[in-house]
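# Coordinate analysis (summary)
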Amino acid sequence: MIRSDKTRLFQLILQDTFKLKSRINFAKTKVLRFDGDSCMGMYEGEKISAKKYNHKIRIATSEVKSDLDLFSTLAHEYVHAWQMEQDKDITHDTKSGFTQWRNYFKAYYDVDIVSF
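Residues numbered from 1 in each chain as written. Predicted model: local features only at pLDDT ≥ 70, side-chain atom pairs only at ≥ 80, totals over all residues. Heavy atoms only, no water.

In terms of helices and strands, the protein carries 3 helices and 5 strands. Reading the protein from its N terminus to its C terminus gives the helix and strand order α-β-β-β-β-β-α-α. A compact globule built from 116 residues should have a C-alpha radius of gyration of about 13 Å, and the protein, at 13 Å, falls within 12% of that. When the backbone C-alpha atoms are referred to their principal axes, the protein occupies close to 35 × 30 × 30 Å. Counting all 116 residues of the protein, 41% fall into the buried class. In the protein, the share of contacts with a sequence separation of at least 24, taken over all contacts with a separation of at least 6, comes to 58%. (Helix = DSSP H or I, 4+ residues; strand = E, 2+ residues; numbered from the N terminus. Rg over C-alpha atoms; globule rule 2.2 N^0.38 Å. Buried < 20%, exposed > 50% of the residue type's maximum accessible area, 1.4 Å probe, protein only. Contact = heavy atoms within 4.5 Å.)

What follows covers the environment of Val111. Its location among the elements puts Val111 in the segment after α3 (98–109). Put simply, Val111 and Asp69 are 42 residues apart on the chain and 9.5 Å apart in space, counted from C-alpha to C-alpha. With residues up to four places along the chain from it excluded, the contact list for Val111 reads Leu68, Phe71, Ser72, Arg102, Phe105 and Lys106.

Taking 1.5 Å per residue, 19 residues should reach 27 Å; helix α2 (residues 67–85) reaches 27 Å between its end C-alpha atoms and fits that length. Across the 19 residues of α2, 16 count as buried, placing the element largely inside the fold. Asp87, located one to two residues past α2, shows a positive phi value of around 60°. (Expected span 1.5 Å × (residues − 1).)

With that settled, consider the packing of aromatic side chains. The tally for this structure, following the rule as stated, stands at 13 aromatic pairs. Each ring, one from Phe71 and one from Phe105, has its centre 6.0 Å from the other, and the planes form 65°; the classification is edge-to-face. In this pair, Phe71 is assigned in helix α2 and Phe105 in helix α3, connecting sequence segments 34 residues apart. In this structure, Phe71 and Phe105 share a single accessibility class: buried. One aromatic cluster in this structure is built from Phe10, Phe18, Phe71, Tyr78, Trp82, Trp101, Tyr104, Phe105, Tyr108 and Tyr109. (Phe/Tyr/Trp six-rings, centres within 6.5 Å; stacked < 30°, edge-to-face > 60°.)

The next point concerns the pattern of salt bridges. Counted by the stated rule, this structure contains 5 salt bridges. Note that Arg102 is salt-bridged to Asp112, the shortest N-O span being 2.7 Å. You can see Arg102 sitting in helix α3 and its partner Asp112 sitting in the segment after α3, a full 10 residues away along the chain. Arg102 sits in the partly exposed class, given a relative accessible area of 25%. (Salt bridge = Lys/Arg side-chain N within 4 Å of Asp/Glu carboxyl O.)

A word on the nonpolar core. Core analysis: the biggest nonpolar cluster contains 27 residues, and Leu14, Phe18, Phe105 and Ile113 have the highest contact counts within it. When residues of this core are assigned to their parent elements, the largest contribution, 9 residues, is made by α2. Not counting residues within four places of it along the chain, the set of residues in contact with Ile113 comprises Ser72, Ala75, His76, Val79, Phe98, Trp101, Arg102 and Phe105. (Core = buried A, V, L, I, M, F, W, Y, C linked by side-chain atoms within 4.5 Å.)

Structure below.
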């Protein structure tokens, strides 16, 4: 079960880490699918103006089973929000900055933000 107090705590930690310009909206849903496969979380975002972004992270309650799942999923999706604000491709490679963030979370939190 995804507890709102844990979500809020992880949000504060991640906002402090990423220093995003715009806040992130959250939604919980039972199941999320990406390319036909179920997934734990999904980021959707758009640039509204030079300094304003619309960020949304959806979390799959059927897939996120622990606090560790929740933190790693949120961190993963926060990377995508950061990529959007940095005008980078929303991918999982080194050029987009994703690999560097993955290494950061492994080093500082002993958490892999890619669980598949």
